[in-house]
Amino acid sequence: MTKQTILSGSPWEDKVGYCRAIRVGNLVEVSGTVAIIDGETVKADDAYAQTVNIIERIGKVLEEAGASLENVVRTRIFTTDIRRFDDIARAHGQFFSQIKPTTGMYGISQLVGPEYLVEIEFTAVVDA
């Protein structure tokens with residue numbers, strides 16, 4: 001079985017020793033991903049925009065693996081502020097309301113930086 005690794009160019013990939021995504025057979029696993037916060041369209045206090053940014057970027061990563069958001073069967077959402085559930089859920093639903101992968105949303109104490117409110121992991125299965 002072949003293994004395809006997808007790198008995003010993040011300095012964390014070498015520092016921590018991981019890849020953004022890996023495809024083995026018809027399974028694609030995507031590492032936990034946070035937003036790129038630019039202070040304009042994606043701000044540190046905007047959980048909705050952070051979630052949209054993450055999902056849009058991972059859509060492109062999935063394409064590199066020969067998959068798409070339609071192939072996603074599970075998401076795992078981590079947030080440092082579970083009170084923002086509605087904003088995060090609205091953004092997730094914007095992409096997945098018809099696809100309906102399994103999911104979980106977990107309130108955690110912190111992510112890699114205080115500006116990050118959301119991190120998402122994805123699992124996709126591609127038609128064989």
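What you see is a predicted model, and the numbers here were worked out from it, not measured in a lab.

What counts and what doesn't
- Here, residues in each chain are numbered from 1, in the same order as that chain's written sequence.
- Owing to the predicted nature of the model, reporting of local features is limited to residues with pLDDT of at least 70; listing and counting of side-chain atom pairs is limited to 80 or more, with chain, interface and lining totals taken over all residues.
- As a rule here, side-chain values cover all heavy atoms of the structure and leave hydrogens and water aside.
- Secondary structure follows DSSP: runs of H or I at least 4 residues long count as helices, runs of E at least 2 residues long count as strands, and numbering of each begins at the N terminus.
- C-alpha atoms define the radius of gyration, and 2.2 Å times the number of residues to the power 0.38 defines the globule rule.
- Partly exposed describes any residue whose relative accessible area lies between the buried limit of under 20% and the exposed limit of over 50%, with all areas from a 1.4 Å probe on protein chains only and scaled to the type maximum.
- For this analysis, residues touch if any pair of their heavy atoms sits within 4.5 Å.
- Only the protein chains shown count as cover for residues, and all accessible areas are computed by the Shrake-Rupley method using a 1.4 Å probe.
- N or O atoms closer than or at 3.5 Å make up a polar contact, with two conditions inside protein: a donor-capable atom paired with an acceptor-capable one, and, for residues adjacent in sequence, both atoms drawn from side chains.

Student: How should the overall build of the protein chain be read in this particular structure?
Tutor: Secondary structure summary: the protein chain contains three helices and six strands in total. Helices and strands in the protein chain line up, N terminus first, as β-α-β-β-α-β-α-β-β. For the protein chain, the C-alpha radius of gyration of 14 Å lies close to 14 Å, the compact-globule estimate for 128 residues. The C-alpha extent of the protein chain, read off along each of the three principal axes, is 40 × 35 × 25 Å. Across the 128 residues of the protein chain, 41% fall into the buried class. Considering only intrachain contacts with a sequence separation of at least 6, the fraction spanning at least 24 residues in the protein chain is 68%. Entry remark: accessible area of the protein chain is about 7,300 Å², with carbon and sulfur atoms responsible for 50%.

Student: Just to check I follow, could you spell out unusual backbone geometry for this structure?
Tutor: Trans is the common state for peptide bonds, and a negative phi is the common state for residues other than glycine. The phi dihedral of Lys100 is positive, around 55°, even though this residue is not glycine. By relative accessible area, Lys100 is classed as exposed at 62%.

Student: I would appreciate a short explanation of the side chain of His92 in the present structure.
Tutor: Residue placement: His92 occurs in helix H3 (residues 85-96). Residue class for His92 comes out buried when judged on its relative accessible area of 10%. Here the side chain of His92 touches Thr75 through a polar contact of 2.9 Å, side chain to side chain. Each residue touching His92, except ones within four places of it in the same chain, is listed here: Thr51, Ile55, Thr75, Ile77, Pro101 and Thr103.

Student: Explain the side chain of Thr79 here, please?
Tutor: Assignment of secondary structure puts Thr79 in strand E4 (residues 72-79). Residue classification places Thr79 among the buried positions, given a relative accessible area of 0%. A polar side-chain atom of Thr79 sits 3.1 Å from the main-chain amide nitrogen of Asp81. Once residues within four sequence positions are removed from consideration, Thr79 is found in contact with Ile88, Met105, Tyr106, Gly107, Ile108 and Leu117.

Student: So what exactly am I meant to see when it comes to the environment of Ala91 here?
Tutor: If you trace the backbone, Ala91 turns up in helix H3. Placed 87 residues apart in sequence, Ala91 and Gln4 show a C-alpha to C-alpha distance of 29 Å.

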